[in-house]
Structures are given as structure tokens and as C-alpha cells.
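# Architecture at a glance
Here are the chains, one letter per residue:
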Amino acid sequence: TLAIAGHHLVASGAFDKVLVIGWEKNSESDTTGAINTAFCPIWDRPFFAGAIAGLSVTAQSYADRFGATPKDAARVAVRDRRHACLNPYAHLRKEVTIEEVLASPMLADPCCLLDMCPRTDGACAVVYAAEGLAEKMCPQPAWVHGVSSRHMFSYVSDADFAGGSLFSMERAAYELYKKTGIKEPLKEIDVIEMYQPFSWAGLIWIEDMGLCKKGEGAKLVWDGVTDLGGELPINLSGGVVSTNPIGATGLIRSAEVALQIQGKAGERQVPDVNLAISTGFGGCLWTDMLAYGKNKPE
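Residues numbered from 1 in each chain as written. Predicted model: local features only at pLDDT ≥ 70, side-chain atom pairs only at ≥ 80, totals over all residues. Heavy atoms only, no water.

### Side note on the overall build of the protein chain
Scanning the protein chain for helices and strands turns up twelve helices and eight strands. For the protein chain, the C-alpha radius of gyration of 18 Å lies close to 19 Å, the compact-globule estimate for 298 residues. Referenced to the eigenvectors of the C-alpha coordinate spread, the extents of the protein chain come out at roughly 50 × 40 × 40 Å. Going through the 298 residues of the protein chain one by one, you find that 53% of them count as buried. (Helix = DSSP H or I, 4+ residues; strand = E, 2+ residues; numbered from the N terminus. Rg over C-alpha atoms; globule rule 2.2 N^0.38 Å. Buried < 20%, exposed > 50% of the residue type's maximum accessible area, 1.4 Å probe, protein only.)

What follows is the structure, given as C-alpha cells:
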């Protein structure tokens, strides 16, 4: 949301440049408490309060429909924690094994502790600038090619969790691809930074983004397609399961893909990144998506 707002403020002509800042000091706040009490106390809170419960419902629904296992999800956590070791700004910089993920405390079936994101202190700042000015500020700007935002529901009880799909992701992806002319996302996108607060989303949401058919996310992950060095690396920063300053988490995704396009991502740099996607997630299961390119949009 912050990234899209910064883009619109500049793209509209209202400002030539905008500094967008997101931050969170979880050690001195109780954002989790706010999340737990944000749901309708009559219809939603008794059975769905809090992020962990809601995310676990989607994971279980997906597992029931497609036969995915906790081991499949653990492979996503292993990937992201490995990537985090290459990011000096990551909160949790320690590799884990599949066995360690599966043996970690159960929070809400089928999600274990190492499947979930931490609570992090952190901040992020991104500068958005108009064409003609951006080129003077840095040798290789990350140009915004398109944005999209979709929401699923007003009340949790209105949502359809059939198969665990994040319908806001599907609809946001469809709109973004249409705007940017992306027809084969797996082949055309070079890097994705996904707001993925738990490992199961790394299976479900890549399907919702159209990277593979429904039920085939686990195969894509096991085949190494989304690893550093794979066809389409995802969450090279270590992702949200490694770092989660909630008020900055979405903006970090945009900052990370900008670094990839600018060639400034250090040990986690992918060669020749021309097109990258960042996503946002939260609240009533809303999804934001932004496409950044090395070249100016036509």
C-alpha cells in the first residue's frame, strides 16, 4: 500500500519526488494484539482471531484439496531462511532443515513455529521520482510498469477458503499482467519478492499468481525453480519468514526488487534482472502487486 501510494503521488504529477517510509518497533508495541482484536467480535473473533489462525485455515484447506504436506511447506521455509543468510539486513540469518521445521512447536495445525514469520524491529525507505529526475538521481532507476490492488471481503465469514486460494492475489495478478503485457509470468518475470508471512503461502500463492497450475506449487518449489539460481527466484531477501517489521514489511518487498534491478543486491543478486514483481498482503486478505522494470515503461 505504501509503495503504491508513493507511485501514484508521483505518477499523478502531484509531486516530482516522494520519500516513502515504513517502520515498526515490535519490541515496544503490540501490533499482534491489534490484529487479534481487529475482527468483528460477533461473527469472526471467536473462531478466527489473529493471523496464525486465519493462515492455518487456508493451509489446511489447500492441503485437503491438493494433498500438499507439511514437508512441502517446510521446503519453502528452508529456501527463504537460506536466502536470508545472504542478506545482511535480515532478522533471522540461520539456515534450517526440513526436519527442524517439522519438529518445531505446533502453533495451529498444520503450521509450526518455523513455518511462521517473526516479529521484527525495522524500517525501510524508498524514493519515488518522476521521469527526467529519476535518471539524475541514480544511474539505473527501477521503473514502475504497473500496480494492482484487490481485497477479498469485509468480514472473514464472507470469505471463501475453498482450496486455500487467495482470490485477491489471483485478481490482482490478472490485472497487473494485463496492464504490463505479461503473458507467461514464469518465463517473463526474473525475480519475485512476495509478502509471504508463512511457508504454506509459498505453495499456494505462486499458483494464484499463475506461475503453475493449481496443486503444482510444491513441485515447482522442490524442483528448485524458486531458489537462487533457479528459473524464477523468490524471496531472495529471506522473505517475511525471516524479517517482519509489520509496518515496513510490504515496502521492503518493493525495495528488494529495486535493488535487484539496480544490481545492488550483493550476494543475493540475480544476473540481468529486467522485470521484477513485489507483492503486499494483510488485513482482510488484500493483495497489492507492483511490477518494476529496468527499462522505462512504454
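### Considerations on the environment of Val20
Here Val20 is to be found in strand E1 (residues 17–25). Residue Val20 is classed as buried on the basis of its relative accessible area of 6%. Spatially, the C-alpha atom of Val20 lies 8.4 Å from that of Leu251, the residues being 231 residues apart in sequence. With residues up to four places along the chain from it excluded, the contact list for Val20 reads Leu2, Gly6, Cys124, Ala125, Val126, Tyr128 and Leu251. (Contact = heavy atoms within 4.5 Å.)

### With respect to the packing of aromatic side chains
For any two aromatic rings, the description comes down to two numbers: the centre-to-centre distance and the angle of the planes. As enumerated under the stated definition, the model contains four aromatic pairs in all. Ring centres of Trp205 and Phe281 lie 4.7 Å apart, and the angle between their planes is 45 degrees; on these two criteria the pair is classed as tilted. Taken together, the residues Trp205 in helix H10 (residues 201–208) and Phe281 in strand E7 (residues 275–282) connect sequence positions 76 residues apart. Every member of this aromatic cluster is reached through a ring pair, and the members are Tyr195, Phe198, Trp205 and Phe281. (Phe/Tyr/Trp six-rings, centres within 6.5 Å; stacked < 30°, edge-to-face > 60°.)

### Things to note about the packing of helix H4 (residues 51–66) against H10
Orientation of H4 relative to H10, taken along the N-to-C sense of each, is 70 degrees, at an axis distance of 10 Å. It follows that H4 is roughly perpendicular to H10 by the angle criterion. Of H10, the residues touching H4 (which contributes Thr58, Ala59 and Tyr62) are Leu203, Ile204 and Glu207. Residue composition of the contact of H4 with H10, by class: four nonpolar, one polar and one charged. (Axes fitted to C-alpha atoms, helices over the stretch in contact; angles between N-to-C directions. Parallel < 35°, antiparallel > 145°, perpendicular 65-115°, else oblique. Nonpolar A, V, L, I, M, F, W, Y, C, P; charged D, E, K, R; others polar.)

### A look at helix H12 (residues 246–262)
Here H12 contains 17 residues, and its C-alpha end-to-end distance of 25 Å stays within 8% of the 24 Å for a straight helix at 1.5 Å per residue. Along H12, the sharpest change in direction is near 30 degrees and occurs at Ile252. Residues of H12 that are buried sit in contact with helix H1 (2–11), E1, strand E4 (121–129), strand E6 (191–193), E7 and strand E8 (286–293). Taken from the residues just after H12, Gly263 is the one with a positive phi, measuring 75 degrees. (Expected span 1.5 Å × (residues − 1). Bend = angle between axes of the 7 residues up to and from the residue.)

### Overview of the sheet that holds E6
Adjacent strands of a sheet pair through backbone hydrogen bonds, lying either parallel or antiparallel. An order of E5-E8-E7-E6 is seen for the four strands of this open sheet, with the pairing classed as mixed. With partners counted over all chains shown, the strands left at the sheet margins are strand E5 (143–150) and E6, one partner each. Going across the sheet, the axis of each strand differs from the next one's by a mean of 15 degrees, ignoring polarity. Here H12 sits on the sheet and contacts E6, E7 and E8; the angle it forms with E7, its principal contact strand, is near 170 degrees. (Pairing = 2+ DSSP bridges.)

### Quick notes on the pattern of salt bridges
As enumerated under the stated definition, the model contains 13 salt bridges in all. The residue Glu184 makes a salt bridge to Lys187 at a minimum N-O spacing of 3.5 Å. In this structure, Glu193 engages Arg253 in a salt bridge whose closest nitrogen and oxygen atoms are separated by 2.9 Å. A residue pair is termed long-range when its members are at least 10 positions apart, and Glu193 in strand E6 and Arg253 in helix H12 qualify at 60 residues. What makes Arg253 buried here is its relative accessible area of 2%. A network of salt bridges, in which partner residues are shared, links Glu131, Glu135 and Lys296. (Salt bridge = Lys/Arg side-chain N within 4 Å of Asp/Glu carboxyl O.)

### Brief notes about the environment of Leu107
Summarising the element assignment, Leu107 is placed in strand E2 (residues 106–108). Residue classification places Leu107 among the partly exposed residues on the basis of a relative accessible area of 38%. A sequence separation of 96 residues divides Leu107 from Ala11, and the C-alpha atoms of the two residues are 43 Å apart. Once you skip the residues sitting within four places of it in the chain, Leu107 turns out to touch Ile52, Cys112, Leu113 and Met116.

### A look at the environment of Gln260
Considering the arrangement of structural elements, one finds Gln260 in helix H12. What makes Gln260 buried here is its relative accessible area of 3%. Separated by 130 residues in the primary sequence, Gln260 and Ala130 place their C-alpha atoms 20 Å from one another. Sequence-distant contacts of Gln260, defined by excluding residues within four places in its chain, comprise Val191, Leu236, Ala265, Arg268, Gln269, Val270 and Val273. At 3.0 Å, the side chain of Gln260 and the backbone nitrogen of Val270 are in polar contact. (Polar contact = N/O pair within 3.5 Å; in protein donor to acceptor, adjacent residues only side chain to side chain.)

### Some points on the side chain of Arg79
Turning to its location among the elements, Arg79 is positioned in helix H5 (residues 70–84). What makes Arg79 buried here is its relative accessible area of 0%. A distance of 2.8 Å separates polar atoms of two side chains, one belonging to Arg79 and the other to Asp80. In contact with Arg79, not counting residues within four places along its chain, are Gln196, Val221, Thr226, Asp227, Ile234 and Asn235.

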